[in-house]
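# Reading the structure
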Amino acid sequence: MIGLSELATEAYVYGYPLVADLEMVDACKHKGFGTLPPTPFNRFAHSTELAGPDAHFVSVNNDTLYSVAQLDLSAGPVRLHVPDTGGAYYVLQFVDAWTNNFAYVGKRATGTVEGEWLIVPPGWSGSEPDDVRGVIDAPTTIVSVIGRNVCDGPHDLARVRELQKGFTLHAGDTPGELPAPDPDVPEQLRFFEQLRVWMADFPPSAPDQEYQDRFQSLGLLEEGRSPFVSAGSDLIRALTEGIAAGRARVETASRTSGSREPGAWLMDPHLFDYNLDHFGVGTLDSSLWRAPDRTASYLWRAVAARVGLWGNHGYEAVYAHTFTDSDNARLTGAHSYTLRFPEPPPVGAFWSLTMYDAPDYYLVDNPLARYSLGDRTPGLVHDDDGALTIVIQKDRPSLPPEAANWLPAPDGEFRPMIRLYMPHDSILQGDYRLPPLERRL
């Protein structure tokens, strides 16, 4: 029989995405998101500048301007209007409280024409209005809408800002706040108190509910007054040990991906395949995009929330990151590296390379104010054979061609990420391989 500490570890891994997601939802409403101001439920917050180091969000991108809305559907449906983007790439990604991507609206999924959509809560039984393109069925009453409009740099900001005016939401009654954890619960048990309250208010799919029944002995299924206010010493010890072990399990899984060659990029197009139950507008309802093992997918889901909260399915965008060079040594600003692309990555939209520090995975401040580069970066210098060699180091290179292709690194360890938007099949099927970082002597 499994002990309480191990059970608490499993509960942490299972519940981490829900807690991480709703903490960010609450932060968006009360504190803001990166450069986005605090914004009430059922309203878009539009970023007017590309993200920089002050955007303290895990693996935030520097390729697009965000348009983010936190929806509360408890009072009923919300109408969404999208503008005609004239063929320019954009995506609105719909994420439930458990971080399942359950719908997409955008260039790949629905095209770039103007239109209206109706977003409805679980169990909705109304009629579809004649003037909408479709209904988006939400699995939970809390939904994050993560919008990304491609922006080619400062010169392109005016175009995107004008487009953002056309992304609007229309709702009825004004919703309130997220359910609050019991304030009398000790801080060391706050995670499990958040999990207890939010599991009850935002129930997952039936199969997931069946799995979480195993956490009854931890007090996570109790209603009303929190059992953690006066928990016994054995339960407190098990829960605190479970938090520590659960964090370690997620961190370890975030850095490993089975056997691989030194310096190989961790690129898993299927990291976000843990959604097994909700396939709406713009998703691919196929066994190719479903995790084969539900229980094992809970760890994938936690890793995805840790390293790339609100990331897309692989068919929308693939994210690749690495911690090591071609000799399998940790990447650090104490050294200089090159990344050489003999040919550009095969994508239908665009690709980029972004620098993040470690272990926070935040953008790295630098004098050049360059946080990413890619196929839309002006002034890049190609090699005589057409290849593109990127220089990654802390200090500005002295040679002009290298300075043009320089991506600044921090003092300490770092983790670069490559984003591949609308990837071709060669990426999704694993035929295309990203080149490793080579340390320069």
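An unreviewed UniProt entry annotates the protein as DUF1254 domain-containing protein originating from Streptomyces purpureus.

Glancing now at the overall build of the protein. Secondary structure summary: the protein contains nine helices and 18 strands in total. Computed over the C-alpha atoms, the radius of gyration of the protein is 22 Å, within 12% of the 22 Å expected from 2.2 N^0.38 for a compact globule of 441 residues. In the protein, the proportion of contacts linking residues at least 24 apart, taken out of those at least 6 apart, comes to 75%. If you sum the accessible surface of the protein, you get close to 18,200 Å²; carbon and sulfur atoms cover 50% of it. Averaging the locations of the 35 positively and 59 negatively charged side chains of the protein gives two centres separated by 4 Å.

Spatial ordering of the open sheet is given by 16-15-12-18, a layout of four strands whose pairing is mixed. Across the chains shown, the open sheet's two edge strands, defined by having one partner strand only, are strand 16 (406-408) and strand 18 (438-440). The mean angle between the axes of side-by-side strands here comes to 30°, regardless of whether they run parallel or antiparallel. Across five bridges, the pairing between strand 12 (residues 336-341) and strand 15 (residues 388-393) is antiparallel. Note on strand 15: the bridge partner recorded for Phe-341 is Leu-388.

Moving on, we come to helix 1 (residues 4-30). Its maximal kink placed at Gly-15, helix 1 deviates by approximately 45°, while the proline Pro-17 follows within four residues. The element helix 1 is largely enclosed, with a buried count of 21 among its 27 residues. Gly-32 sits one or two positions beyond helix 1 and adopts a positive phi of about 100°.

Looking now at the UniProt feature "domain: DUF1254" (unreviewed entry) in the protein. Following the UniProt record, the feature "domain: DUF1254" (unreviewed entry) maps to residues 41-169 here. End-to-end, the C-alpha atoms of residues 41-169 are 10 Å apart, and along that stretch the chain is 9% helix and 40% strand.

This brings us to the nonpolar core. Core analysis: the biggest nonpolar cluster contains 107 residues, and Phe-192, Ile-390 and Ile-392 have the highest contact counts within it. Once residues within four sequence positions are removed from consideration, Ile-390 is found in contact with Tyr-337, Thr-338, Leu-339, Phe-341, Trp-351, Leu-353, Leu-373, Asn-405 and Leu-407. Leu-73, Val-82, Ala-103 and Val-145 belong to the second-largest nonpolar core, a separate cluster that totals 22 residues.

Turning our eyes to something else, we now look at the UniProt feature "domain: DUF1214" (unreviewed entry) in the protein. UniProt marks residues 316-424 with the feature "domain: DUF1214" (unreviewed entry), using the numbering shown here. Measuring from the first to the last C-alpha atom of residues 316-424 gives 10 Å, for a span that is 5% helix and 35% strand.

By definition, the strands of a sheet pair up through backbone hydrogen bonds, in either a parallel or an antiparallel sense. Read from one edge to the other, the open sheet built from five strands follows the order 10-11-17-13-14, with strand pairing classed as antiparallel. Because the sheet does not close on itself, it has two edges, and the strands there are strand 10 (266-267) and strand 14 (372-374). Where strand 11 (residues 317-321) meets strand 17 (residues 414-421), five bridges bridge the pair, whose relative direction is antiparallel. What sits directly across from Tyr-319, in strand 17, is Arg-419.

Considering the arrangement of structural elements, one finds Phe-202 in the loop between helix 4 (190-201) and helix 5 (206-212). Taking the C-alpha atoms as reference, Phe-202 lies 9.0 Å from Leu-18; in sequence the two are 184 residues apart. Dropping the residues within four chain positions of it, Phe-202 is found in contact with Leu-22, Ala-97, Trp-98, Thr-140, Thr-141, Ile-142, Leu-178 and Pro-179.

It is worth spelling out unusual backbone geometry at this point. If a residue is not glycine, its phi is most likely negative; likewise, a peptide bond is most likely trans. With an omega dihedral of 10°, the bond running from Ala-358 to Pro-359 counts as a cis peptide bond. With phi around 50°, Met-422 is a residue other than glycine that occupies positive phi space. Residue placement: Met-422 occurs in the loop between strand 17 and helix 9 (425-428).

Bringing the packing of aromatic side chains into the picture now. Per the counting criterion, the structure on display carries 22 aromatic pairs. Judged by centre distance (6.1 Å) and plane angle (70°), the ring pair of Tyr-104 and Tyr-315 falls under edge-to-face. Of the two residues, Tyr-104 is situated in strand 5 (residues 101-106) and Tyr-315 in the loop between helix 7 (294-308) and strand 11; the sequence distance between them amounts to 211 residues. You can call Tyr-104 buried: its relative accessible area is 0%. Within the aromatic cluster, the residues linked to one another by ring pairs are Tyr-14, Trp-98, Tyr-211, Phe-215 and Tyr-298. The positively charged end of Arg-376 is found above the aromatic ring belonging to Phe-350, 4.2 Å away from the centroid. Of note, Arg-415 hangs over the ring of Tyr-361, and the distance from its end group to the ring centre comes to 4.0 Å.

Attention shifts here to helix 3 (residues 157-164). Listing the buried residues of helix 3 in full gives Leu-157, Val-160, Leu-163 and Gln-164. Viewed along the axis of helix 3, the buried residues span an arc of 125°, placing them on a single side of the element. For helix 3, the elements touching its buried residues are strand 1 (44-46), strand 2 (64-72) and strand 8 (142-150).

Two numbers describe how helix 1 lies on helix 4: the axes approach to 9 Å, and their chain directions differ by 70°. The angle between helix 1 and helix 4 places the two elements in the roughly perpendicular class. Counted together, Ala-8, Ala-11, Tyr-12, Tyr-14, Gly-15, Tyr-16, Leu-18, Val-19, Leu-22 and Glu-23 of helix 1 and Phe-191, Phe-192, Gln-194, Leu-195, Trp-198 and Met-199 of helix 4 form the full contact between these two elements. Considering only residue class, the contact of helix 1 with helix 4 consists of 13 nonpolar, two polar and one charged.

Once that is clear, we can look at the pattern of salt bridges. Inspection of the entire model under this criterion finds 28 salt bridges. The partner of Glu-162 in a salt bridge is Lys-165, and the shortest N-O contact between them spans 3.1 Å. Of the residues examined, Lys-165 reaches a relative accessible area of 60% and is grouped as exposed. Close ionic contact of Asp-208 with Arg-301 constitutes a salt bridge, the shortest N to O distance being 3.9 Å. Placement of the pair is Asp-208 in helix 5 and Arg-301 in helix 7, with a sequence separation of 93 residues. In terms of burial, Asp-208 and Arg-301 fall into one category: buried. Salt bridges linked by common partners bring Asp-63, Asp-152, Asp-375 and Arg-376 together as one network.

Criteria and cut-off values
- Residues numbered from 1 in each chain as written.
- Predicted model: local features only at pLDDT ≥ 70, side-chain atom pairs only at ≥ 80, totals over all residues.
- Heavy atoms only, no water.
- Helix = DSSP H or I, 4+ residues; strand = E, 2+ residues; numbered from the N terminus.
- Rg over C-alpha atoms; globule rule 2.2 N^0.38 Å.
- Contact = heavy atoms within 4.5 Å.
- Areas by Shrake-Rupley, 256 points an atom, 1.4 Å probe, with all protein chains shown as cover.
- Lys, Arg positive; Asp, Glu negative; His and termini not counted.
- Charge placed at Lys NZ, Arg CZ, Asp CG, Glu CD.
- Pairing = 2+ DSSP bridges.
- Axes fitted to C-alpha atoms, helices over the stretch in contact; angles between N-to-C directions.
- Bend = angle between axes of the 7 residues up to and from the residue.
- Buried < 20%, exposed > 50% of the residue type's maximum accessible area, 1.4 Å probe, protein only.
- UniProt positions renumbered as here; feature names shortened; annotations may be inferred.
- Core = buried A, V, L, I, M, F, W, Y, C linked by side-chain atoms within 4.5 Å.
- Phe/Tyr/Trp six-rings, centres within 6.5 Å; stacked < 30°, edge-to-face > 60°.
- Lys NZ or Arg CZ within 6 Å of the ring centre and 35° of its normal.
- Arc of directions from axis to C-beta.
- Parallel < 35°, antiparallel > 145°, perpendicular 65-115°, else oblique.
- Nonpolar A, V, L, I, M, F, W, Y, C, P; charged D, E, K, R; others polar.
- Salt bridge = Lys/Arg side-chain N within 4 Å of Asp/Glu carboxyl O.

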